[in-house]
Each structure stands twice: as structure tokens, then as C-alpha cells.
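# Architecture and fold: a report
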Amino acid sequence: MARFEPAALPELLPVFYRRLFPHGPYGRWLSYGGVEKNYFQRREFSFTLRDDVYLRFQSFGSPQELERELQKINPYKIDIGAVYSHRPNQHNTVHLGAFQPQEKELVFDIDMTDYDDVRTCCSSADICSKCWTLMTIAVRVIDRALVEDLGVRHRLWVYSGRRGVHCWVCDDAVRKWSPALRAAAVEYLSLVKGGADSLKKVTLAHPVHPFIRRSVELVQKYFEDYAVQGQDILGSPQRWDKVLALLPEEQREALQAEFPRRKDSGQRWELLRARAERARARAPTGPCYPDWEVMLQFCFPRLDINVSKGLGHLLKSPFSVHPKTGRVSVPLDLQNLEQFDPFAVPTITSLCQELDAAGSDGEQEEAGETQPKRRTRDYKKTSLAPYVRLFEQFVEGLESARRGERILRSDLQGDF
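First, a word on scope: everything that follows refers to the structure included in this document. (Residues numbered from 1 in each chain as written. Predicted model: local features only at pLDDT ≥ 70, side-chain atom pairs only at ≥ 80, totals over all residues. Heavy atoms only, no water.)

### Observations concerning the pairing of strand E2 (residues 53–58)
Both faces of the sheet carry side chains from a regular strand, because those side chains alternate between them. Taken together, the four bridges between strand E1 (residues 43–49) and E2 define a ladder with antiparallel strand orientation. In the strand pairing of E2, Leu-49 is matched with Val-53. Remark: three residues form the turn of the hairpin made by E1 and E2, two consecutive strands paired antiparallel; Asp-51 in that turn has positive phi of roughly 65 degrees. (Pairing = 2+ DSSP bridges. Helix = DSSP H or I, 4+ residues; strand = E, 2+ residues; numbered from the N terminus.)

And the structure:
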């Protein structure tokens, strides 16, 4: 992977926006087939330019106008906001209180820094292959619940470009949800609660909700490899004391005496689980779940309710370039999620080098060839191609569902 130098960004961004950014499917996604008059025109975009110049309430008459603006100003970052009652770039001309967000995708922003109290390999903005498993678990848990529990169909999962993942829920009905509904959905999907000063952040009550039971089953698939072996959470007295502090007092005292006699984290975890299962079997007033609580506290997704509930909140756009890593914010393939490697994601530097290696023909206009065709040919020469295809498949799924709904409505009307 070519080394990214932030100082090269002003030189590389014009190439990226002109030859690699997927303007076609991007405009189709945010237009949603023109579901309402002036829908795209009422969408807010924000741009971060060089030297942290921040431009909010940008809006455009068409995807083509947005494309021209991107190629003109080459923003360091693109954020996407809500669809407003009026065009965002005219918000200062609208009567006070009339300019209001009307709808937006339900979004989730999952950031690795929120797991700093339970990962030993990295902290802050740093990530590695060991702790990236937390993002894999988060996607699996939240995506399953969105589909099976909340009835969602159209989800776009995206790597942020640095240390986390985003989800865009794009169903027509969901985009119209109120802040209260969004907050309720996030509350339903949240288990880890309490700030930095809170030691125990997961407490389960009996009977355990089916959503939590299914989440435990999913987390179990990753827990031993990730937490017990990879993070070695029971590898030393200092580490196992943090785990034992989450248990009921009677179990904590017995394990405190037994743990030093066990060889490693694996044996200590097996002992903890066995004790928890015996206690659960004989609990007179309803089972307790200390082993489940430990697994969930270390691995369950950590969501920021404010990001998801507020219609006015903006979120980084897919296919933005992260200005510190140079990595492109690319869609995630849920069919191959465990194989995703954030360090193998194409950077703007590597993409421009791939274009150079493919030859200069991408810059040359052939007779009768339009600019979109040239750009399509360009991205296909690079490692961005499979990610653009994933995005196109997502947009095609949205469009296919919309066509199916129109046909169904037409057939129902014809029955009368």
C-alpha cells in the first residue's frame, strides 16, 4: 500500500473527484427516484476545506451541479445532512422557524474510541487487526436486529476511513421517522450504559429479552478469540480484577482464590463460565447472567444516541477521503465482513498511482466517448472498483424495491 502523505492531498483530490468519485450512483442514491418534488435540492451537504474551513447548508439543484462543485472546490471532507423544508443554501432568507429538517436516513456512527475501557491493544484513534473485531461484532449485532427486529431492508454499512463504521438506513418509511422514534430504536439497540466512571455497564434482568439472547449467541462466536485470547482479559491479576468486579460478590471471591491456580486466560474463562452456569441453574429467584454480562460489556456495540436521533446531525459521506489516513470511506460487504481489513482499503495515493500505472489513456478523450464513460473506465482500473460495485448494488436494490412498490400500487388500484 502506497504511503499517504497529508501534504499531497491538495494535488490528489482533483484527480479523485474528477476520475474516481462515483457521481452517478451517488446522485441516484440521494435522489431516491425523485420521491418528492425538489427532494435532492432540499438536501444539506457540508464541506470541510483546507485549513479546516467548514461550509454548512450547501445544497444543489441536481446531482450534476453537486458534481461540478466537488470538482471545483475539492473538499477535504463531505458530510450529508437532512432533507429540509426549504433549500439549505437559502435558509437565511426563510422566515424564522420555517426552515426545518423533514427527513433523513436513520444513521449509526460506531467509533472505536468508545471501547477504550475494554481493549488492551490500542487506545484513542489507534486501531489494529485485533480490536477491529469489535467493529465486525457491532455490524453483525446491529444489522441482524435492524432486519429481524425492526423490519428494515435497505442498509448501507460504510467504513469511516479511520477507526469506525457508519450505517445508513434508507427505507422510505424510516427516513420519515421522528426524533422520538429514532431515539426509541437506538434505546432498543443499546445495552452498554454509563460513562467513564461507571464500572459495571451491562446488567441483565430475568427473563432476558430475545434480542439480548440472540446478541449473546452472536457475541459468543467471537468472544474467546477476541477477548480471552486476543485481548488476554484474564491474563494478569490487574486484568482479571477488572472482570471479577463485574460479578456478584459470592462468585467474585471464589474465583479470586481460584484464578492464580489456572494457567492462562482460556482456563480462567472456562472456570468463570462453569461457575456462572451452575449458579444460573440453581438460582432460587430467577437466573443470573454474570458471564453474559461480561461478554456484552466487552463486545456489545456502543451507540451514541445523539448521532442517531437528531435530524439535524450530519454524517461523513461514503467515498470521502479521510484527511489523516488518506483512506477512502468505502462500503462494507456483509457477505465477507470477517475478511474486511481496514488497512487494505485503498488510499487516495494508491488509487492515483494505480491510474498512473494503467496509463494515461484515462485522461484522453476518445471520439464519441462521454465524460461519465471515461470515469467509469478509470475507476475500474483501480482497487476502488469492487467497492463502487457494492455501492451500485445497494442503489439498484433501492430502485428495484421502489419499482416493485409502484407496480403493486398500480395493480391494487386496478382491482377497483
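### Details of the sheet that holds strand E6 (residues 155–159)
Pairing within the open sheet is antiparallel, and its three strands lie in the order E5-E7-E6. Looking at strand neighbours, the two that pair on one side only are strand E5 (106–111) and E6, the edges of this open sheet. Sheet twist, expressed as the average angle between the axes of neighbouring strands with direction ignored, equals 15 degrees. In this structure, E6 lies alongside strand E7 (residues 164–169), joined through five bridges in antiparallel fashion. Within the sheet, the bridge partner assigned to Trp-157 lies in E7 and is Cys-167. Here helix H4 (residues 133–148) sits on the sheet and contacts E5, E6 and E7; the angle it forms with E6, its principal contact strand, is near 170 degrees. (Axes fitted to C-alpha atoms, helices over the stretch in contact; angles between N-to-C directions. Contact = heavy atoms within 4.5 Å.)

### Quick look at H4
With 16 residues, H4 ought to run about 22 Å at 1.5 Å a step, and its terminal C-alpha atoms sit 22 Å apart, in line with that. Of all 16 residues that make up H4, 13 are buried, and the element is covered over most of its length. (Expected span 1.5 Å × (residues − 1). Buried < 20%, exposed > 50% of the residue type's maximum accessible area, 1.4 Å probe, protein only.)

### Remarks on the packing of helix H8 (residues 237–244) against helix H9 (residues 249–258)
One can describe the packing of H8 onto H9 by two numbers: an axis separation of 10 Å at closest approach and a directional angle of 160 degrees. Judged by the angle between their axes, H8 and H9 are roughly antiparallel. Classified by chirality, the crossing of H9 by H8 is right-handed. Side by side, H8 and H9 meet where Trp-240, Asp-241 and Leu-244 of the first sit next to Arg-252, Leu-255 and Gln-256 of the second. (Parallel < 35°, antiparallel > 145°, perpendicular 65-115°, else oblique. Left-handed = near helix turned anticlockwise from the far one by under 90°.)

### Looking at the environment of Leu-156
In this structure, Leu-156 sits in strand E6. Along the sequence, Leu-156 and Asp-333 sit 177 residues apart, while their C-alpha atoms lie 9.4 Å from each other. When neighbours within four sequence positions are excluded, Leu-156 is seen to be in contact with Trp-29, His-166, Cys-167, Trp-168, Pro-318, Pro-331, Phe-391 and Phe-394.

### Here's the deal with the packing of helix H7 (residues 210–230) against helix H10 (residues 265–282)
The angle between the axes and the distance between the axes are what describe a pair of packed helices. Look at H7 against H10: their axes get within 9 Å of each other, and the N-to-C directions meet at 135 degrees. One finds that H7 runs oblique with respect to H10. Judged by the sense of rotation from one axis to the other, the crossing of H7 with H10 is right-handed. Between H7 and H10, the contacting residues are Gln-220, Phe-223, Glu-224, Val-228 and Gln-229 on the first element and Ser-265, Gly-266, Trp-269, Glu-270 and Arg-273 on the second.

### A short note on the pattern of salt bridges
Applying the stated criterion across every chain yields a total of 32 salt bridges. With a closest N to O distance of 2.9 Å, Asp-378 and Arg-19 form a salt bridge. Taken as a pair, Asp-378 in helix H14 (residues 371–380) and Arg-19 in helix H1 (residues 9–19) lie far apart in primary sequence, 359 residues in all. Here Asp-172 and Arg-402 are joined by a salt bridge, their closest N and O atoms 4.0 Å apart. (Salt bridge = Lys/Arg side-chain N within 4 Å of Asp/Glu carboxyl O.)

### A closer look at the layout of surface pockets
Where empty space is left can be seen by rolling a probe of water-molecule size over the atoms. Approximately 560 Å³ is the volume attributed to the largest pocket. Considering the residues around the largest pocket, the lining is formed by 26 residues, among which Lys-77, Lys-316, His-322, Pro-323 and Lys-324 are closest to the centre. Secondary-structure elements contributing two or more residues to the lining of the largest pocket are E1, strand E3 (77–84), E5, E7 and strand E8 (315–316). The leading source of residues in the lining of the largest pocket is E5, at three residues. For the lining of the largest pocket, the residue count by class is 10 nonpolar, six polar and 10 charged. (1 Å grid on protein atoms, 1.4 Å probe; cavity = no way out; pocket = protein on both sides within 12 Å on 5 of 7 lines; lining within 4 Å. Points joined across faces, edges and corners; volume = space filled by probe spheres on them. Nonpolar A, V, L, I, M, F, W, Y, C, P; charged D, E, K, R; others polar.)

### Observations concerning the pairing of E6
Most of E6 sits out of view: four of its five residues are buried. The antiparallel hairpin formed by E6 and E7 contains four residues in its connecting segment, where Gly-161 sits at a positive phi of about 105 degrees.

### Remarks on the nonpolar core
Ranked by size, the top nonpolar core spans 121 residues in total, and within it Phe-16, Tyr-26, Trp-29, Phe-45 and Phe-223 carry the most contacts. Ranked by residue count, the leading element in this core is H7, at 10 residues. Excluding its chain neighbours within four sequence positions, the residues that come into contact with Trp-29 are Ile-80, Glu-105, Leu-156, Trp-168, Cys-170, Pro-318, Phe-391, Phe-394, Val-395 and Leu-398. (Core = buried A, V, L, I, M, F, W, Y, C linked by side-chain atoms within 4.5 Å.)

### A closer look at the packing of aromatic side chains
Geometry of an aromatic ring pair is reported as the spacing of the ring centres plus the angle between the planes. This model, assessed by the stated rule, comprises 24 aromatic pairs. Between Phe-16 and Phe-21, the ring centres sit 6.1 Å apart and the planes meet at 80 degrees, which makes this aromatic pair edge-to-face. For the pair Phe-16 and Phe-21, one class covers both residues: buried. Here Tyr-289 and Trp-292 contribute two aromatic rings whose centre-to-centre distance is 4.7 Å and whose plane-to-plane angle is 35 degrees, an arrangement assigned as tilted. Among the residues examined, Tyr-289 registers a relative accessible area of 4% and is labelled buried. Cluster of aromatic residues (ring-pair linked, three or more members): Phe-16, Tyr-17, Phe-21, Tyr-26, Trp-29, Trp-168, Phe-319 and Phe-391. (Phe/Tyr/Trp six-rings, centres within 6.5 Å; stacked < 30°, edge-to-face > 60°.)

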